[in-house]
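This is what each chain is made of:
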Number of protein chains: 2
Amino acid sequence: MPHCPVFIVSDRSGLTAETLSHTLMSQFPDVRFHQRALPFVDTPQKVQQAVRAIDEAGRESGCRPLVFATFVDESFSEILSAAEGEIFDLFSPFIGRMERLLDQQSSHKPGQSHGISDVGRYYRRIDAVNYAMHCDDGLHTQDYNRATLILLGASRSGKTPTCLYLALHFGFYAANYPLTEEDFGTGVLPGPLEPHKDRIFGLTIDPMRLHQIRTERRPGSEYASVARCRQDVVRAEQMFRRNGIPFCDSTNYSVEELGSTIKHQMGLVSSLY
Amino acid sequence: MPHCPVFIVSDRSGLTAETLSHTLMSQFPDVRFHQRALPFVDTPQKVQQAVRAIDEAGRESGCRPLVFATFVDESFSEILSAAEGEIFDLFSPFIGRMERLLDQQSSHKPGQSHGISDVGRYYRRIDAVNYAMHCDDGLHTQDYNRATLILLGASRSGKTPTCLYLALHFGFYAANYPLTEEDFGTGVLPGPLEPHKDRIFGLTIDPMRLHQIRTERRPGSEYASVARCRQDVVRAEQMFRRNGIPFCDSTNYSVEELGSTIKHQMGLVSSLY
């Protein structure tokens, strides 16, 4: 079966089209898609170039290309409709209904969503990313008063990528603290965490997965051994339960799913929206 | 004008619904939306709870709620349709057409897009995030052979958040190297970069914005002065031009837009899709 050509065309970054089209494509696991992103298609000339690229891909592959488009300028949609592809306009089925319901015209301005439409807001988000870097892996605990949340868990349970995602995507000030041998010994919450107990969320992980991950980092070490991984996970979960800390299992969850879960369970509201 | 209640309802993380609905809402800058995300609504009982929450918000606000939904289980959509809200089903207008065009049934399985549907792929992405942390700010240049790209620019020109975004979103191994006084002195590419010239991308920034950003970090310092910022920017751009390094201006671009621009200009293809 030949690859089905897919085009993602937008007058801005194309991220919205990318996100929705990937979700749609993922519902057809047996189809092999060959995807091309055409972002910043923001002049009639560039739209015509896109039309030519789509037609060429269709001829070469022998398959009708799927075209996912997000144009806020409707005249671009019209030019694009000349292409020999199946065009999925991801905005128009919804914008019209919203206009009627809200009794408002839409602004038809591109880049309102993924761009810097609000400078203050955008820089809060970047500041949150810097904070997540600054407070990674138990560093700078004296700055925990600024934390939206603090992720707690054994080494390599998924804390760092989750914190970076929470900062980048939601603008949360996300710190993380690794539980070590020392912390486990006492059984009580590590000192720097005690004053911030209500903002802690725990991550746990399947011990065998943890063993795999640690083995890639330090093959054959005691740190990566199954026994040690099992012990670390049991002790981390004990600490969560004893201190009433909500937690979830990162084994089968992506950072996106972990982020949504944590946000939802902690009742966090992003200041970005 | 009262806030218009908005619900984002999904049987998984709801990220696709979130992305598209934010883009749509951003087209109505004069409307005040009050948004609630209801992720992981994956049982009929939870859908009924969502219906009640929507109806309550409608009564309280006096406005008909907007409901953006992504259910892959169609029976959930049916239950949701009982809600007194304007329901925007973000999947069904597209899935049916794709099924006909591809001559395939969709899988109707949730979590194919933002979840860990392919473990190897997911861990490559997490590995890319770890790499971006490892090679941040000129660290570990001996590992540049693994880099998909290396961002180059003056201190605080936006390299770190852009690298983290490129790693998290596309799985690119993105390193970054700050240009310092020392590098500017010689006028040639810093030694560790020379062998990787074809994978370097430059970031520049408006000197006054750079001054603002550096002032927040080190108020009143020579480092943050307008003169120094102007000089650093001029010299960085000179270095890019002299060495034929493509670059773009980060001043008015978000990390998402920078990411799309860099990916597009460098012709990078994400191995995640």
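The model shown is predicted, which means the values in this text are computed figures rather than measured ones.

1. Digging into the confidence of the model for chain A
Detail in the predicted coordinates should be disregarded across regions flagged by low pLDDT.
Consideration 1: Scored by pLDDT, chain A comes out at a mean of 92, with 97% of its residues at no less than 70.
Consideration 2: Reported confidences for the modelled complex are a pTM of 0.87 and an ipTM of 0.86.

2. Here's the deal with the environment of Gln231(B)
Consideration 1: Of note, Gln231(B) is situated in helix H9 (residues 226-242).
Consideration 2: Here the alpha-carbon distance between Gln231(B) and Gln104(B), two residues 127 residues apart in the chain, equals 59 Å.

3. A short note on the relation of the copies chain B and chain A
Put simply, the second copy of the chain is the first one after a rotation about an axis and a shift along it.
Consideration 1: Once chain B is rotated about the relating axis by 180 degrees and shifted along it by 0.0 Å, it coincides with chain A to within an RMSD of 0.0 Å. The operation mapping one copy onto its partner corresponds to a two-fold rotation axis.
Consideration 2: A shared interface surface links the copies, since 100% of the contact residues of chain B are contact residues in chain A too.

4. A word on helix H5 (residues 119-134) of chain B
Consideration 1: Over its 16 residues, H5(B) runs 22 Å from end to end, which matches the ideal 22 Å to within 8%, given 1.5 Å per residue.
Consideration 2: Turning to H5(B), its buried residues are Tyr122(B), Arg125(B), Ile126(B), Ala128(B), Val129(B), Tyr131(B), Ala132(B) and Met133(B).

5. As for the interface of chain B and chain A
Consideration 1: Counting residues at the interface gives 83 residues for chain B, matched by 83 residues for chain A.
Consideration 2: Our count for the contact surface shared by chain B and chain A stands at six salt bridges.
Consideration 3: Its salt-bridge partner being Glu86(B), residue Arg97(A) comes within 3.3 Å of it at the nearest N-O pair.
Consideration 4: Along the contact surface separating chain B from chain A lie 20 residue pairs in polar contact (both at pLDDT 80 or more).
Consideration 5: In terms of residue count, the dominant contributor to the side of chain B that touches chain A is helix H1 (residues 15-25) of chain B (nine residues).
Consideration 6: Partitioned by chemical class, the residues of the side of chain B that touches chain A number 41 nonpolar, 26 polar and 16 charged.

6. A short note on the pairing of strand S1 (residues 4-10) of chain B
Residues and elements named next belong to chain B.
Consideration 1: The element S1 is extensively covered by neighbouring structure, given that seven of its seven residues are classed as buried.
Consideration 2: The alternating pattern of S1 places Cys4, Val6, Ile8 and Ser10 and Pro5, Phe7 and Val9 on opposite faces, both of which are buried.
Consideration 3: Across six bridges, S1 lies against strand S2 (residues 33-38) in parallel orientation. Paired with Ile8 across the strands is Ala37, a residue of S2.

7. Considering helix H9 (residues 226-242) of chain A
Residue and element names in this part refer to chain A.
Consideration 1: Helix length check: H9 (17 residues) gives 24 Å between terminal C-alpha atoms against 24 Å at 1.5 Å per residue, within 8%.
Consideration 2: Those residues of H9 not exposed but buried are Arg228, Cys229, Asp232, Val233, Ala236, Glu237, Met239 and Phe240. For H9, the angular spread of buried residues about the axis comes to 160 degrees, placing them on one side. Those residues of H9 that are exposed and aimed more than 90 degrees away from the buried face are Ala227, Arg241 and Arg242.
Consideration 3: Contacts made by the buried residues of H9 are with strand S5 (149-154), strand S6 (174-179), helix H7 (181-186), strand S7 (200-204), helix H8 (207-217) and strand S8 (247-249).
Consideration 4: Positioned one or two residues after H9, Gly244 has a phi angle of 65 degrees, which is positive.

8. A short note on the pattern of salt bridges
Consideration 1: The tally for this structure, following the rule as stated, stands at 24 salt bridges over all chains.
Consideration 2: Across the pair Glu237(B) and Arg241(B) runs a salt bridge, and its minimum N-O distance is 3.7 Å. In this pair, Glu237(B) and Arg241(B) are both assigned in helix H9, four residues apart and thus about one turn of the helix distant.
Consideration 3: Put simply, Glu181(A), Arg214(A), Glu222(A), Arg228(A), Asp232(A) and Arg235(A) are held in one network by salt bridges that share partners.

9. Side note on the sheet that holds S5(A)
Residue and element names in this part refer to chain A.
Consideration 1: The sheet built from four strands is open, its strands ordered S6-S5-S7-S8 with parallel pairing. The sheet is open, and its two borders are formed by S6 and S8, each paired with just one other strand. Strand-to-strand, the axes of this sheet are offset by a mean angle of 25 degrees, without reference to chain direction.
Consideration 2: Pairing of S5 with S7 involves three bridges; the strand directions are parallel. Bridge assignment links Ile150 to a residue of S7, and that residue is Ile200.
Consideration 3: Lying on the sheet, H9 is in contact with S5, S6, S7 and S8; it crosses S7 at an angle near 155 degrees.

10. Let's talk about the packing of helix H5 (residues 119-134) of chain A against helix H6 (residues 159-170) of chain A
All names here are of chain A.
Consideration 1: Here H5 crosses H6 at 165 degrees, and the two axes come no closer than 7 Å. Between H5 and H6, the interaxial angle falls into the category roughly antiparallel. Considering only the axes of H5 and H6, their crossing is right-handed. Of the residues in H6, those in contact with Arg125, Ala128, Val129, Ala132 and Met133 of H5 are Cys163, Leu164, Ala167 and Leu168.
Consideration 2: Its residues placed into classes, the contact of H5 with H6 shows eight nonpolar, no polar and one charged.

Conventions adopted
- Residues numbered from 1 in each chain as written.
- Chains lettered and ligands numbered in written order.
- Predicted model: local features only at pLDDT ≥ 70, side-chain atom pairs only at ≥ 80, totals over all residues.
- Heavy atoms only, no water.
- pLDDT = per-residue confidence, 0-100.
- Helix = DSSP H or I, 4+ residues; strand = E, 2+ residues; numbered from the N terminus.
- Least-squares fit on C-alpha atoms with pLDDT ≥ 70 in both.
- Contact = heavy atoms within 4.5 Å.
- Expected span 1.5 Å × (residues − 1).
- Buried < 20%, exposed > 50% of the residue type's maximum accessible area, 1.4 Å probe, protein only.
- Salt bridge = Lys/Arg side-chain N within 4 Å of Asp/Glu carboxyl O.
- Polar contact = N/O pair within 3.5 Å; in protein donor to acceptor, adjacent residues only side chain to side chain.
- Nonpolar A, V, L, I, M, F, W, Y, C, P; charged D, E, K, R; others polar.
- Pairing = 2+ DSSP bridges.
- Arc of directions from axis to C-beta.
- Axes fitted to C-alpha atoms, helices over the stretch in contact; angles between N-to-C directions.
- Parallel < 35°, antiparallel > 145°, perpendicular 65-115°, else oblique.
- Left-handed = near helix turned anticlockwise from the far one by under 90°.

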